[in-house]
Amino acid sequence: MTTPSTRPRALQIATAQTVRGIAALPSTPRCTSRSLLASVVMAASAVLLGSPGTTMAQKLPDTMTWSAYDVGSAGYAEASAMADAFGKKFGTKIRIQPSGSSIGRLQPVLTKRADVGFLATETFFASEGIYDFAERRWGPQNLRVLAGRPAAFGLFTAGDSDIKKMSDVKGKRLALVAGNPSVNVKCEAFLAFADMTIKDVKPTMFPTYAAAMSSVLRGEADASCTTTTPSQVYELEASPHGIRWLTLPPDDKEGWKRLNAVAPFFQPYLETVGAGISKEKPAQILAYRYPMLVVRGDMTDDMAYNFIKAVDETYDLYKDATAVMYRWKLEDSGVPAADAPFHPGAIRYLKERGIWKDEDQAWNDKRTARLNALLAAWPKAMEEGKGKSDEEFAKIWEKDRQAALDTLN
């Protein structure tokens, strides 16, 4: 932090760094003199660079905390790359708080101990008040998305099996993961596309994600669903069986309507990277968002605007950090669908960039109405559930939640 005794030197450093185009002031002004210093440096930069504040930092805090998946995960790697870029360009110091559980990643955001979460499907669960978040101490959470990288997800089977289209899964063994609703709800969405439910297949539970993904190769299941790049699907591709990804035609409007009723955060996606997939042999499957930049609904519009602008302006510094990091380009990451509504501050910046269209706003309005209906239904369920057991309360909330959603149809 700059102090009165160090400001002259800080001014020299900030001005010199701005001239070199590699740094700028890191913080919102905290007092009149600091604000004056920022103005002086901005003016000096404008004179020296020939344009007003072109390399000045966004108004971000000096320090930030982000939550993410465990060390070693894609989410943690991508958060680290962005944090490094923020530090290089803006001088912002960022602490990444990893967690292996959805609660562990979301709670710091909800309690304001983290500014942003690099999250996945737990965002949808929290905004809907389902699974872990159906308990009395949680309920629907008022969350917003700033952006989210598209991540492909598909239902696969052995290449030599008789399962060639989604409806062929009926009556077959579908691999699911015990205690992992994030994976299982996606599998259920695939079934809905073909106008089926879990009752139309033979759900086969496996204790771990890895076990479920390798079950097709071992002959323990007929189909499973996952992203396109885990080692297990490459092993299946390399086997004598080969691999087949089942197609989700984007022009099947009724199928997509049924799918989105289960998981409204999915969208059609033509994947070119993965096992048995290439630019020459793409797979027409679907995409969700992982990781997503998730914040509380009460984050100020200016903070959301400044953050997403910083993500955009540092893109060239992090886009090559991983094989899929380039998908953070806002034309891909700054549009629906996502697991919660987009933040108004992010939308403001996306509109300025010419990215946010009328159809994006229509999606966001509908998604916001859904979230608001659930937020309004929760107090009623809590009142009805007073003195009831947890099992009784779960039934009350299920009833009130569905009633709230029914009003939107």
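Structure's up top.
What this report covers is the structure whose coordinates are included nearby.

Cut-off values and rules
- Residues numbered from 1 in each chain as written.
- Predicted model: local features only at pLDDT ≥ 70, side-chain atom pairs only at ≥ 80, totals over all residues.
- Heavy atoms only, no water.
- Buried < 20%, exposed > 50% of the residue type's maximum accessible area, 1.4 Å probe, protein only.
- Helix = DSSP H or I, 4+ residues; strand = E, 2+ residues; numbered from the N terminus.
- Pairing = 2+ DSSP bridges.
- Contact = heavy atoms within 4.5 Å.
- Phe/Tyr/Trp six-rings, centres within 6.5 Å; stacked < 30°, edge-to-face > 60°.
- Lys NZ or Arg CZ within 6 Å of the ring centre and 35° of its normal.
- Polar contact = N/O pair within 3.5 Å; in protein donor to acceptor, adjacent residues only side chain to side chain.
- Axes fitted to C-alpha atoms, helices over the stretch in contact; angles between N-to-C directions.
- Left-handed = near helix turned anticlockwise from the far one by under 90°.
- Nonpolar A, V, L, I, M, F, W, Y, C, P; charged D, E, K, R; others polar.

This part covers the pairing of strand E4 (residues 143–158). Burial analysis of E4 places 16 of its 16 residues in the buried class, the great majority of the element. The pairing of E4 with strand E10 (residues 283–296) spans 9 bridges and is antiparallel. Each residue of the ladder has a partner; that of Pro-150, found in E10, is Arg-289. As judged from the 4 bridges shared by E4 and strand E7 (residues 223–226), these two strands associate in the antiparallel manner. In the strand pairing of E7, Thr-157 is matched with Ala-223. In this sheet, strand E8 (residues 243–245) lies alongside E4 in antiparallel orientation, the contact comprising 3 bridges. Residue Thr-157 lies in a different strand from E8, and its bridge partner there is Arg-244.

Here we take up helix H13 (residues 344–352). Those residues of H13 that fall on the buried side of the exposure criterion are Gly-345, Ala-346, Ile-347, Tyr-349 and Leu-350. Where H13 is buried, its residues touch E4, helix H10 (301–313), helix H12 (330–333) and helix H14 (358–384). With its phi angle positive at about 75°, Gly-354 sits one or two positions after the end of H13.

Turning to the packing of aromatic side chains, a few remarks are in order. On inspection of all chains with the given rule, the structure shows 23 aromatic pairs. Seen in terms of ring centroids, Phe-153 and Phe-190 are 6.2 Å apart; in terms of plane orientation they differ by 15°. Their pairing is stacked. Residue Phe-153 is located in strand E4, and its partner Phe-190 is located in helix H6 (residues 181–193); the two are separated by 37 residues in the primary sequence. For the pair formed by Phe-153 and Phe-190, the shared burial category is buried. An angle of 90° between the planes, with centres 6.5 Å apart, marks the rings of Phe-266 and Tyr-288 as edge-to-face. Of this pair, Phe-266 sits in the loop between helix H9 (253–262) and strand E9 (267–271) while Tyr-288 sits in strand E10, and the two are 22 residues apart along the sequence. In terms of burial, Phe-266 and Tyr-288 fall into one category: buried. Linked through ring pairs, Phe-124, Phe-125, Tyr-131, Phe-153, Phe-190, Phe-265, Phe-266 and Tyr-288 together constitute an aromatic cluster. The positively charged end of Arg-105 is found above the aromatic ring belonging to Tyr-69, 3.5 Å away from the centroid. One cation-aromatic arrangement involves Lys-186 over Phe-153; the distance from NZ or CZ to the ring centre is 5.6 Å.

Relative to the helices and strands, Thr-121 resides in the loop between strand E3 (116–119) and helix H5 (122–128). Residue class for Thr-121 comes out buried when judged on its relative accessible area of 0%. Thr-121 sits 218 residues away from Asp-339 along the chain, and the two C-alpha atoms are 6.7 Å apart. The contacts of Thr-121, once residues within four sequence positions are left out, are Ser-182, Val-185, Lys-186, Phe-265, Tyr-288 and Asp-339. Side-chain polar atoms of Thr-121 contact the side chain of Ser-182, separated by 3.4 Å.

What follows covers the environment of Asp-302. By the element assignment, Asp-302 lies in helix H10. The exposure class assigned to Asp-302 is exposed, which follows from its relative accessible area of 51%.

To continue, consider the packing of H14 against helix H15 (residues 390–406). Where H14 contacts H15, the two axes come as close as 9 Å, and the packing angle between them is 145°. The way H14 lies across H15 gives a crossing that is right-handed. Between H14 and H15, the residues in contact are Arg-370, Ala-373, Leu-374, Ala-377, Trp-378, Lys-380, Ala-381, Met-382 and Glu-384 and Phe-393, Ile-396, Trp-397, Lys-399, Asp-400, Arg-401, Ala-404 and Leu-405, respectively. A per-class count over the contact of H14 with H15 returns 11 nonpolar, no polar and 6 charged.

Further remarks concern the side chain of Arg-296. Checked against the element boundaries, Arg-296 lands in strand E10. For Arg-296, a relative accessible area of 16% gives the class buried. Within the structure, Arg-296 has its side chain in polar contact with the backbone oxygen of Val-109 (distance 2.9 Å). Reaching out from Arg-296, the side chain makes a polar contact with the backbone oxygen of Ala-114 at a distance of 3.4 Å. Excluding residues that lie within four positions of it along the chain, Arg-296 makes contacts with Val-109, Leu-110, Lys-112, Ala-114, Asn-142 and His-343.

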